[in-house]
Structure formats: C-alpha cells, structure tokens
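Next come the chains, spelled out residue by residue.
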2 protein chains.
Amino acid sequence: MATIKVLAKCCGVSVATVSNILNNKPGASAKTRKLVLEMAEQLNYTPNIVAKNLKMQKTRSIGVIAEDMTIFSIPDIIDGITDYCQKQEYQILLTNLRLFKKYNDTYYNKDDYYELVRQEIKKLMEKQVEGIIYVAAHERVIRCIPDNLPIPAVMAYGYSKSRKIPSVVVDDVGGAAGIVKYLLDQGHKKVGVITGKTDSLHAQARLIGYQQVLYQNKILYDPGLVAEGDWTRESGYRCAGELLEKGVSAIFAMNDLMAGGVYDRVEELKQTIGEEISVAGYDDRELSGYYHPPLTTVSLPLHDIGYKASEWMIELLNGGELENAGENVCAVDCMLLIRKSVKDIT
Amino acid sequence: MATIKVLAKCCGVSVATVSNILNNKPGASAKTRKLVLEMAEQLNYTPNIVAKNLKMQKTRSIGVIAEDMTIFSIPDIIDGITDYCQKQEYQILLTNLRLFKKYNDTYYNKDDYYELVRQEIKKLMEKQVEGIIYVAAHERVIRCIPDNLPIPAVMAYGYSKSRKIPSVVVDDVGGAAGIVKYLLDQGHKKVGVITGKTDSLHAQARLIGYQQVLYQNKILYDPGLVAEGDWTRESGYRCAGELLEKGVSAIFAMNDLMAGGVYDRVEELKQTIGEEISVAGYDDRELSGYYHPPLTTVSLPLHDIGYKASEWMIELLNGGELENAGENVCAVDCMLLIRKSVKDIT
DNA sequence: ATTAATTTATATTTCTTGACATTTATTTGT
DNA sequence: ACAAATAAATGTCAAGAAATATAAATTAAT
C-alpha cells in the first residue's frame, strides 16, 4: 500500500506539501493541489491512521465490552452505540466476554469473571482506546470495573458501584407505572402482578411503579394480588392460577415469558385473553408479537441505552461534565406497546 | 500513562533493557529484572500496542462489517467470530452498517449501499486491519466487496461474486434433507412443503434438499405438494389450507414463522399439531420453542459460520491455502432439533 | 529590486523493537 | 597471578509512518 512518501515521490513534491494538501492546509497552489489529489486517487492512497494516531496521541476508538452477544438485549444496545459512535467518527473495538457460555449462567458468582474483565480492560487500554463502555446482559450492579481507570468508563444496562462510572439504565419504575396506568385507564380496578425473582432490581423497580400508580389513583395496595414468579413461563402459569382465584380482571406480568404462562392458564380454563382476562407483559421479546392475541407490553429502550451511553462517553472524552453529575445515573424511558391483550371495560 | 521511556528512567536503566525484560528475552540480570518488573507493576505500566504495531507492521486486528446488528442471525455469527478471533489474540474492529434502518429493508437495490460499504472498507483499511469479514443478514450473493482488495476478505452468510473472496454459508440442502428424511422416517409418506419466496437462495436450496430425499426414498416428487409462501406467518396459514386439502400428513415449512401459520390453520380446524398433523420448521427462531407444542425445526449453524469464517481469515493471514481452494465456498452443517410437533406414525 | 507566495529540506514528535555496539563480569590459559 | 578470551549485561541508534514546526530556498508578482 502506498505511503505518503511514495505519493510525494510520484508527484515530484515533498512530503510536507502532500501533507498540507491532504489536510486542507494553506500553502499550496491550485495546480499542485490538483496533481496531488489526482495522484492520490490513482494510487488508491490511504493514510496510515495508526501512525497518525501515534503522533496525535488520539485514537478515536472506544472499547466495548459485551457480556454475551447472544443475549437478546445486547445486540440492540450495541446497535445504539454504533449508531452514535459512527456518526462521531469513533471506531468500536469489540470484546465479547461470552460469559454465559464460559460460566454457565452463574458468572456473577465467579471470581474468575472479575479477573477476566480486568484482563480484557487492560488489553483494550494497551490498544489505546480512549474509553470503555461495558454492556451488561441484564440490569444489576456491576462491580468488576476498577474505579481508578485512567480513561473514562460508562456502564450500559447496569449500575456501577462507583460514582466515577456513570450508568445508563432502564426506567423500570416509569415503565411499569405506564403500563399499570394504562390498565387502570381501561377500567381495570383489580390488577394482579406476577413479579420476577424479588431479589432482582428489575422486579423491585417494577413493583414500585405498580404501587406508585395505585397510590396516585387512590387504590389501596393489596399484597395479596402480588404473586412471586421467577421469570419463567411455568411460574407465570402457576401465579396466574393464584391470581385468577382472587378475581382479578387484569394481570401485569413482569416479563413476556411469564405473560405467556398466563396465556397457557387462561387457555386451559377455556377463557380468552383480551376478553375475560386482560394481560400485560414487559420486555417486548420478539415472540410476544406472535402470541394469540398479540401481547400488550413495554419495550425496553435498548437502542437508546446504547446511544445515551455513547453520548456520555464522548461527552467525557471532550472533557465535558455530565448533566446530572451528582447521581451519574440516567434512566431511559420505556415505550408502552399497545397490542390486543387488554380489553377496555370502562 | 507511563511509557517505556518513563519506566526506564524510573529504574535508572535503558529503554532496551526494559524492553528485553518485558519481552522475556535474555540479556538482563535477575536483579534488574526484578527491579523493572516491580516498577512496571507500581507504575501500572501497559505497553503501547499502537506503537508496537507500527514498528512490527502487524496490527493483529480484523475488521468486521455487519449489515445490521439487530437482525437475528448477525449476533450469533459475530459470537462465533469473537470466539475464534479472541482465542487467536486478534482484535475485532466492528462496523455496523445499520442497513435495514438506513434503507428500509430495500438496501440491496440501492446504489448508495455499494458506496457505503466501500467507504467503510476504506476506513477500516486506514486503521490497518489485516483482513475484513463481511457478515450478511441473510444468505444471498453479495457484490459490494471489490475483489482487488490488497488484504484478504471472507464472506460470512453470503456468497461473494468473486473466487478471490471465500464464502461461508449454510448447508441448506443438507439441512432440508435432514428434516425431510426425519419426517419420512417417522412414517410420513405425503409431505407438503411451504416454500419461501422462490427467488431466494434459501428457498431454492431447501427445495432441492426436499427433492433429493424423496428421490433417495423412491417417492415420486409431486409439485402439487409444494405451496409458495413468502416467509410470513400469514402465507404459512394460507398455504397450510391448500396442502391440508390435498391430504398431507406432515408439512415442512421453510421457516418457523410460516410453521406458526400452519399452527394457526390447524388450530382453527380444531385439530392438534403433533397428532393429526405433523409440522417441521426451519431456522430455530427463539419463538419456535414456545409454540404449542414446541416446534421441531432445523437450527442454523450461525455460531459455526462465524467461527469458520474466522478460521479461514486467519488461515489466509498466515499465508495458508484454503482446503477447498477451487470452490472457496464452505457450507456448514445444520442441526436437526427434534421437539414435539412431529408424530411417529410408523 | 522588493515583497509575497510557494515549496522544500530538515529535524522532531509519538513509542516500541531489534540490530548492533559497548561496557562490565567471569572464566580460561599460560 | 595476569593477560586474553568469552560471556553476560546494558546502552545506542535507527526504523517504522505520518504530522508539524522551522528555517531555508525558490518562484512569481508587484
């Protein structure tokens, strides 16, 4: 491949002149300018960015560490990251930890996992990335990023343990509040909830959203209408049984899988979703659009999380201060996705 | 961040000595060795790989161009790529074209698309990637990569138009043959097919697989049992109607979505999948595992495609010749995924 | 001739590595 | 025991590509 040296020689001018022309600097006649530009085209010249980076002490590259590419949330977040970063002419260096494959779904208990992340961060820093975005597979507190990194780090879809590392997360409280409010607006007075595992942040926040809306609508919170699931379809089926006995007209399942379990139970009872019983889910997994009837649910702002995390990252790289510098947490709005599983009974 | 120069100064030795020690070369006493290593630890020294790359004329990085991260096939392919490349200590530079968002599902007609890809290839080459892997969202002939690139390129999940660019694709003929053979083995004699759009390579190859197995089992091919769908659930529903009238006992739908349409039709007729009617799909989309009953289907070897494409890439980078150099196409085996939608009627 | 506008040559910068040169320490031969 | 030979340890410098500053040289215009 042609270097600037070769190009200069072919044009019969000096390296400095070529450099000036290529970088749109003054100090070159129109004639030489044209000659050099044409020759560059002809030789298919591309500047060696690696050499430029070394000199300029800027690589315009960002390391992205993804916990596992094959988990459904991650690709959309990365899509958001590439969306913004590519607009800003930053290059993504991708590291896929493949955690779920390596540690068989129990990665957050393993010490190896901490060590692995630290190694990968070091590798990326050796490659002179200007910052690191960590993309979690699901929302939780992530403790593996050292908070004394000499370059900025941003957490996408997880909470960092340190103030120094800003986090971009889902506004689960708002999302749950939104869909429960929708259920109430459709005339449902007795709304059951199927929670996820109650030790998860998702489940806790979504429950708060539920309680919040009840309170705002002056409906007394009844713990008897809260059934504890574990995110699986089977648990949805089981909890639906409990709740239906209590005479609820609508069920809010904290994810689409458990909502599917509600469908199973209702079907078994020869009743119809969207008629006798209304159901709402959460997450907008692909399959929920194919339920019968299609599930009304909340779509996670995955793309926006990636986009926002990148905005923050580049803001930090430009030496800017983050908007809400005190908290350093940004909760991104969810979108209510109205389909056919909720009946208007007003 | 500390450079080797700083580290050398702190230790009171020369840069070369530090370099030797850090690279485990002879020519340093145990005493200096210990001193330097400790000081490196203390200063949190990391070598500047960018400078090393410039000197060594090797970047150990590979550009990956993905058509659209949010299409279901792509993340698994990239997972396969990272699996192999990270083992081999190659860094992935990711470029997400976001084609489906930019050109609204019609990208392959647009001239802009060619120009975009060329630009992105150029950008990656400026960053001195040693090779480029192009990841297509679905299998077809990809014409946008120039075949006079000065660095190797490999096509994942698509056919290149040039012999110089090897392609790794799905063995659709084998996959279809496998699942149709399974249907025959279960005693089904009259197996209907719902094709995808017939101008797609997927649909054509899967039909060949179907015909091949019939021939091997000395069953006459009846074009009347082939219904033309368009990959959508609705078309599956429509075609199922046609085929059921002709008295088939099993239907092979060329994707899981259309298989879902068959479920819809059978349900409407108050019959049961896996009892009166057997159904097989293709692709193993996430939702197919949640059908009632779970769908027997063919899982695409997406991870393996990415893995194989990387193997070939690194083989090329090491100056090796590809196994089947004549063809330069590798068709990766699919896996038959037996669930509950096919009844044994032998 | 003088000034202004181009252009060039040269040196420096970034950091790491490797070939080569030099210094210091140790062993061998007489 | 002392010079010579060898080995080990360490230092010096250039290369690698591009950018840039500076000073010097050339050309063109006034």
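Data block above holds the structure.
Below: a short report on this structure.

By nearness alone, 25 residues border DNA strand D, and A:Thr3, A:Ile4, B:Ser14, B:Gly27 and B:Thr32 come closest of all. When the atoms of DNA strand D within 4 Å of the protein are grouped by moiety, sugar and phosphate amount to 72% of the total. At a separation of 3.4 Å, a phosphate oxygen of DNA strand D approaches a polar side-chain atom of A:Lys25. In terms of residue count, helix α4 (residues 49-56) of chain A provides more of the surface near DNA strand D than any other element does, four residues in total. In the surface near DNA strand D, the residues fall into ten nonpolar, eleven polar and four charged.

It is worth spelling out the interface of chain B and chain A at this point. Interface size is often expressed as the accessible area that is lost when the parts come together. Facing 46 residues of chain B, the contacting portion of chain A comprises 46 residues. Buried surface at the junction of chain B and chain A, summed over both partners, amounts to about 4,400 Å²; 57% is from carbon and sulfur atoms. Counting the contacts that link chain B with chain A gives ten salt bridges. Of the charged contacts in the structure, one is a salt bridge between B:Asp79 and A:Arg98, with a shortest N-O distance of 3.0 Å. Only α4 (49-56), α5 (73-87), β2 (91-96), α7 (111-126) and α11 (256-268) of chain B provide two or more residues apiece to the side of chain B that touches chain A. Considering each element in turn, the side of chain B that touches chain A owes the most residues, seven residues, to α5(B). Of the residues belonging to the side of chain B that touches chain A, the class tally is 20 nonpolar, eleven polar and 15 charged.

The next thing to look at is the nonpolar core. By size, the foremost hydrophobic cluster in this structure holds 197 residues, and its most contacted members are A:Tyr134, A:Phe252, B:Tyr134 and B:Phe252. Not counting the four nearest positions on each side in its chain, B:Phe252 is found in contact with B:Ala176, B:Ile179, B:Val180, B:Leu183, B:Val191, B:Gly192, B:Val193, B:Ile194, B:Arg206, B:Ala280, B:Gly281 and B:Tyr282.

Glancing now at the pairing of strand β2 (residues 91-96) of chain A. Extensive coverage of β2(A) is indicated by the burial of six of its six residues. Of the two faces of β2(A), the one carrying A:Gln91, A:Leu93 and A:Thr95 and the one carrying A:Ile92, A:Leu94 and A:Asn96 are both buried. The pairing of strand β1 (residues 61-66) of chain A with β2(A) spans six bridges and is parallel. In the strand pairing of β2(A), A:Ala66 is matched with A:Asn96. Assessed by its sense of winding, the connection that carries the chain from β1(A) through helix α5 (residues 73-87) of chain A to β2(A) is right-handed. As judged from the three bridges shared by β2(A) and β2(B), these two strands associate in the antiparallel manner. In the strand pairing of β2(B), A:Ile92 is matched with B:Leu94.

What follows concerns the packing of aromatic side chains. The final tally for this structure, using the stated rule, is ten aromatic pairs over all chains. Ring geometry for A:Tyr210 versus A:Tyr221: centroids 6.2 Å apart, planes at 75°, classification edge-to-face. A residue pair is termed long-range when its members are at least 10 positions apart, and A:Tyr210 in helix α9 (residues 201-216) and A:Tyr221 in the loop between α9 and β9 (226-228) qualify at eleven residues. According to the relative accessible area criterion, A:Tyr221 is partly exposed, its value standing at 31%. An angle of 55° between the planes, with centres 5.0 Å apart, marks the rings of B:Tyr263 and B:Tyr291 as tilted. Taken as a pair, B:Tyr263 in helix α11 and B:Tyr291 in the loop between β11 (278-280) and β12 (297-299) lie far apart in primary sequence, 28 residues in all. Grouping residues by exposure puts B:Tyr263 and B:Tyr291 together as buried. Between the NZ or CZ atom of B:Arg206 and the centre of the ring of B:Tyr282, over which it lies, the distance is 3.7 Å.

Glancing now at the pattern of salt bridges. All names here are of chain A. Counted by the stated rule, this structure contains 36 salt bridges over all chains. We note a salt bridge from Arg 206 to Asp 283, for which the minimum N-O separation is 3.5 Å. Pair noted here: Arg 206 is in helix α9 and Asp 283 is in the loop between β11 (278-280) and β12 (297-299), with a separation of 77 residues, a long-range link. Here the two residues Arg 206 and Asp 283 agree in accessibility, since each one is buried. Close ionic contact of Arg 339 with Asp 284 constitutes a salt bridge, the shortest N to O distance being 3.5 Å. Taken together, the positions of Arg 339 in the segment after β14 (335-337) and Asp 284 in the loop between β11 and β12 put the pair 55 residues apart, joining distant regions of the chain. Arg 339 gets classed as partly exposed once you look at its relative accessible area, which sits at 26%.

All names here are of chain A. As defined by bridge partners, strand β5 (residues 153-156) adjoins strand β7 (residues 167-170) across two bridges and the pair is classed as parallel. Along β7, the bridge assignment pairs Met 155 with Ser 167. Examined bridge by bridge, β7 and strand β13 (residues 329-332) share four bridges and lie parallel to one another. Counted as the bridge partner of Ser 167 is Val 329 from β13.

Before going further, it helps to examine the packing of helix α8 (residues 172-185) of chain A against α9(A). Residue and element names in this part refer to chain A. Direction vectors running N to C along α8 and α9 enclose 45°, while the axes themselves pass 7 Å from each other. Here α8 is positioned oblique relative to α9, judged by the angle of their axes. Pair α8 / α9 crosses with right-handed handedness. Contacts between α8 and α9 involve Asp 172, Val 173, Ala 176, Ala 177, Val 180, Lys 181 and Leu 184 from the first element and His 202, Ala 205, Arg 206, Ile 208, Gly 209, Tyr 210, Gln 212, Val 213 and Leu 214 from the second. Split into classes, the residues belonging to the contact of α8 with α9 amount to ten nonpolar, three polar and three charged.

Quick look at the sheet that holds strand β10 (residues 250-253) of chain B now. Strand-to-strand pairing in sheets goes through backbone hydrogen bonds, with the strands running parallel or antiparallel. Residues and elements named next belong to chain B. Taken in spatial order, the four strands line up as β9-β8-β10-β11 in an open sheet, and their pairing is parallel. Only two strands of the sheet have a single partner each, and these edge strands are β9 (226-228) and β11. Strand after strand, the sheet turns through a mean of 20° between neighbouring axes, direction not considered. With three bridges connecting them, strand β8 (residues 191-195) and β9 associate as parallel partners. Within the sheet, the bridge partner assigned to Val 193 lies in β9 and is Val 226. In the packing of helix α8 (residues 172-185) onto the sheet, contacts are made with β8, β10 and β11, and the angle to β10 comes to roughly 170°.

Right, let's talk about the protein's contact with DNA strand C for a bit. Close to DNA strand C lie 24 residues; A:Thr17, A:Ala28, A:Ser29, A:Thr32 and B:Ile4 are nearest. In DNA strand C, the atoms that sit within 4 Å of the protein are 83% sugar and phosphate, with bases accounting for the remainder. Within the backbone of A:Ser29, an N or O atom sits 2.5 Å from a phosphate oxygen of DNA strand C. A distance of 2.6 Å is found between a phosphate oxygen of DNA strand C and a side-chain nitrogen or oxygen belonging to A:Thr32. For the surface near DNA strand C, the secondary-structure elements that each account for two or more residues are α4 of chain A together with α2 (15-22) and α4 of chain B. Within the surface near DNA strand C, the residues separate by chemical class into nine nonpolar, eleven polar and four charged.

Superposing chain B onto chain A takes a rotation of 179° plus a shift of 0.0 Å along the axis, which leaves an RMSD of 0.3 Å. Accordingly, the operation relating the two chain copies is best matched by a two-fold axis. The residues that chain B uses at the interface reappear at the interface of chain A in 100% of cases, marking a shared surface.

A cluster of acidic side chains, namely A:Glu267, A:Glu268, B:Glu267 and B:Glu268, defines a negative patch on the protein surface. When contributions to the negative patch are tallied by element, the ones reaching two or more residues are α11 (256-268) of chain A together with α11 of chain B.

Calculation criteria
- Residues numbered from 1 in each chain as written.
- Chains lettered and ligands numbered in written order.
- Predicted model: local features only at pLDDT ≥ 70, side-chain atom pairs only at ≥ 80, totals over all residues.
- Heavy atoms only, no water.
- Near = heavy atom within 4 Å.
- Polar contact = N/O pair within 3.5 Å; in protein donor to acceptor, adjacent residues only side chain to side chain.
- Helix = DSSP H or I, 4+ residues; strand = E, 2+ residues; numbered from the N terminus.
- Nonpolar A, V, L, I, M, F, W, Y, C, P; charged D, E, K, R; others polar.
- Contact = heavy atoms within 4.5 Å.
- Buried area = accessible area lost by both parts, 1.4 Å probe.
- Salt bridge = Lys/Arg side-chain N within 4 Å of Asp/Glu carboxyl O.
- Core = buried A, V, L, I, M, F, W, Y, C linked by side-chain atoms within 4.5 Å.
- Buried < 20%, exposed > 50% of the residue type's maximum accessible area, 1.4 Å probe, protein only.
- Pairing = 2+ DSSP bridges.
- Right-handed = clockwise from strand over helix to strand, strands pointing away.
- Phe/Tyr/Trp six-rings, centres within 6.5 Å; stacked < 30°, edge-to-face > 60°.
- Lys NZ or Arg CZ within 6 Å of the ring centre and 35° of its normal.
- Axes fitted to C-alpha atoms, helices over the stretch in contact; angles between N-to-C directions.
- Parallel < 35°, antiparallel > 145°, perpendicular 65-115°, else oblique.
- Left-handed = near helix turned anticlockwise from the far one by under 90°.
- Least-squares fit on C-alpha atoms with pLDDT ≥ 70 in both.
- Patch = residues over 30% accessible without salt bridge, like charges linked within 9 Å, V, L, I, M, F, W, Y side chains within 5 Å.
- Areas by Shrake-Rupley, 256 points an atom, 1.4 Å probe, with all protein chains shown as cover.
- Lys, Arg positive; Asp, Glu negative; His and termini not counted.
- Charge placed at Lys NZ, Arg CZ, Asp CG, Glu CD.

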